[in-house]
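These are the residues of each chain, in order.
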Amino acid sequence: METNTLKRELPLALLLIIPFIYGAAIYGQLPETIPTHFGLDGQPNGWMGKWAVFVVPAINIPIYPLLYFIRRIDPKKMSDEAFNGLFYKIRVTISAFLFIIAMVCINA
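Here we summarise the structure given alongside this text. Just so it is clear, the structure is predicted and the values come from calculations on it, not from any experiment. (Residues numbered from 1 in each chain as written. Predicted model: local features only at pLDDT ≥ 70, side-chain atom pairs only at ≥ 80, totals over all residues. Heavy atoms only, no water.)

1. Structural notes on the overall build of the protein chain
How we decide: Only DSSP runs of H or I reaching four residues or more are called helices, and only runs of E reaching two or more are called strands; each is numbered from the N terminus. Burial status follows relative accessibility: with a 1.4 Å probe on protein chains alone, a residue under 20% of its type maximum counts as buried, one over 50% as exposed, and anything between as partly exposed. Note on definitions: a residue-residue contact is assigned when non-hydrogen atoms from the two residues lie within 4.5 Å. Only the protein chains shown count as cover for residues, and the accessible areas themselves come from Shrake-Rupley with a 1.4 Å probe.
Each helix and strand in the protein chain was counted, giving 3 helices and 2 strands. The order of helices and strands in the protein chain, counted from the N terminus, is α-β-β-α-α. Looking at the protein chain residue by residue over its 108 residues, the buried ones come to 29%. When contacts within the protein chain are restricted to residue pairs at least 6 apart in sequence, long-range pairs at least 24 apart make up 56% of them. Of the roughly 7,400 Å² of accessible surface on the protein chain, 71% is carried by carbon and sulfur atoms.

Printed below as a string of structure tokens:
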């Protein structure tokens, strides 16, 4: 992987890895069951084992390579630099959104 690509992908990879590291760090402090679903009144109405802290971060695992490689299967082969920059921003936004969701779920 070239250096420029590595510099661009490293922040996205960190957004993928950090929730797992954080979840593993606090895993021992979690109760055996944690709320995983909340009603409109804000009260929990669904519960899972504490291993659920890894479920939301795991959703990002297939999304990251999908978004990375999807441009290679684009039938129109849109390759102008303006679109490449925009597509990278979309990837960062999606990864950051999933990172935030994962961290909120771990800390809920």
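Structure shown, so let's carry the discussion forward.
2. Details of the side chain of Ser 95
Along the polypeptide, Ser 95 turns up in helix α3 (residues 81–107). Those residues in contact with Ser 95 that lie beyond four places of it in its chain are Leu 12, Leu 15 and Asn 60.

Shape is all these values report; function is a separate question.
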